[in-house]
Structure formats: structure tokens, C-alpha cells
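# Fold and geometry: a report
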Amino acid sequence: MSFKKHFSHIDPSKVASSRMTAAEFRQLNQSQLNEPTVTSRVKGSNLKGAVTNQSSVVAPAWHVIYTKEISRLRSQPERLSSDKEYFYQVQLMESIAQAYPELEKLVNASPNGGSRNRFEAARLKFAGLCKGFPDIQVCVARSGFNALFIELKKELSDYRSLKAALKEVSFEQHRCRVSLLEQGSLAVVAYGYDEAWRVFQAYIAGGELPDEVLSRWDEYDWQLLAKR
């Protein structure tokens, strides 16, 4: 029996972040073998059902953290107006979490952007953070694509003009977008919550993607427009 198969029942969330002794690992292995489990399929999902541990402790719904943050931001209009991209991204994550709870471990946000001290910025860089990597990563294959990547910007109406909005995408963000496209993933720049949500829903449903998003750069040379 392979190592991977032998320990496939172990829940990684129950493994402490610090190094474990061999005796502790064997104890964890044995304890989880004895735990009752139930196999379930999320209604409306076309993903395989997951094995979950029966426990009296129930984790809060995925969307709750985003709902609370949206409420906090709306109570502080000055903060909301100064960081609209962040607000739109939290909105998008809330919608995904509410409509597709089965994707909780398949959707990730990149820690690019935001403010941080030089030490933390250097630490992230040394750990492998890729400059310009898209904001949202959806690790689900659909319609011949390996995954979906969304670089989220403010709404087009938040900019002085269309060209000003297009210039907001950095050279490194374009490089990542093009590289991901070349590797068989769908990578797009979405302006605002509504556009990003339409892209996400169409992708997950395997439907027709918004043409204005897919063809946005056809008439422009992104290398000349890109913010440097």
C-alpha cells in the first residue's frame, strides 16, 4: 500500500503546524481511523462528494466572514470609497460562497496588492509570491480550460474613460494573464463586481462567457497601455 493511500483518511486541519513526533503521528493516524464518517454530495454540485467527520462542532458557513466584512465597510463610507477594488472583491467572494459552497477549498485569493511593511513584502516575495498574479483563482476545470483566474478592477464608471480603465492594468498583471492563457487556463480582467460575477457564473455553468470581457484587448496593444 502506498504512503498516500495509507494516510488518505487523515484530516490535515487536525495536524498541528509545529513538527510532530513519530509517536504523535501514529496516535493521530489511529484516532482518525476510529472516527465515524459520512459520505455526502452537495445538492446541485457536479463535484464529487467529500468525506466529512461527524462532530458536534460545526464550522460557520463560508459566506459569513464576507457578509460581516461587507456590513463593516458599508458602515464606513469613507473607507469603502477609498478602496473600491477590495469592496468588489469581498462582494464577489460572498456571492461565490453563498451560491457555490462546495467550491470553498477550490477558490483562492492572491495576497498581491494592499499595504504592508517592507519586511512582510520581502517575506512574501522570498516565499514565492508572483508579482501581478490575478486576484482570484478558481481551481475548477470547465469548457476545455484548466482553471479560471480573475484580475479584479474598479467598475468602468469609476474611471475617467475606457482608456484610463485599461491603463490601470499593470505590465506584470498582463504578463501573468497572457502566460496563464498560454497554459490552457482562462485569465481575464473584470471591471467591478457585476462583470466578475457574470464571468464566474458563466464559467462554472460551462456557458457562454461575456464577449466584452474576452475581446476587450483585441483593439489595443496592452504592452503600450500597461501601467509600469
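What counts as what
Residues numbered from 1 in each chain as written. Predicted model: local features only at pLDDT ≥ 70, side-chain atom pairs only at ≥ 80, totals over all residues. Heavy atoms only, no water. Phe/Tyr/Trp six-rings, centres within 6.5 Å; stacked < 30°, edge-to-face > 60°. Helix = DSSP H or I, 4+ residues; strand = E, 2+ residues; numbered from the N terminus. Lys NZ or Arg CZ within 6 Å of the ring centre and 35° of its normal. Patch = residues over 30% accessible without salt bridge, like charges linked within 9 Å, V, L, I, M, F, W, Y side chains within 5 Å. Areas by Shrake-Rupley, 256 points an atom, 1.4 Å probe, with all protein chains shown as cover. Salt bridge = Lys/Arg side-chain N within 4 Å of Asp/Glu carboxyl O. Lys, Arg positive; Asp, Glu negative; His and termini not counted. Charge placed at Lys NZ, Arg CZ, Asp CG, Glu CD. Buried < 20%, exposed > 50% of the residue type's maximum accessible area, 1.4 Å probe, protein only.

Looking at an unreviewed UniProt entry, one finds the protein chain named VRR-NUC domain-containing protein, with Vibrio agarivorans as its source organism.

This next bit is on the packing of aromatic side chains. Taken as a whole and assessed by the stated rule, the structure comprises nine aromatic pairs. Plain terms: the ring middles of phenylalanine 171 and tryptophan 222 are 5.7 Å apart, the flat faces sit at 40° to each other, and that makes the pair tilted. Pair noted here: phenylalanine 171 is in helix α8 (residues 171–182) and tryptophan 222 is in helix α11 (residues 222–225), with a separation of 51 residues, a long-range link. Each residue in the set Tyr100, Trp197 and Phe200 is aromatic and connected to the rest through ring pairs, giving one cluster. The ring centre of tyrosine 159 lies 5.0 Å from the NZ or CZ of lysine 154, which sits over that ring. The ring of phenylalanine 171 carries arginine 228 above its face, with NZ or CZ at 4.3 Å from the centroid.

A contiguous patch of negative charge on the surface is contributed by Glu208, Asp211, Asp218 and Glu219. By the element assignment, glutamate 219 lies in the loop between α10 (211–214) and α11.

Quick look at the pattern of salt bridges now. This model, assessed by the stated rule, comprises seven salt bridges. Residue glutamate 69 is joined to arginine 72 by a salt bridge in which the shortest nitrogen-to-oxygen separation is 2.7 Å. Here glutamate 69 and its partner arginine 72 are both found in helix α3 (residues 64–74), three residues apart, which amounts to about one turn of the helix. Residue glutamate 69 is classed as buried on the basis of its relative accessible area of 15%. For glutamate 212, the salt bridge is made with arginine 198, and the minimal N-O distance between the two is 2.9 Å. Separated by 14 residues along the polypeptide, glutamate 212 in helix α10 and arginine 198 in helix α9 (residues 192–205) bring together distant segments of the chain.

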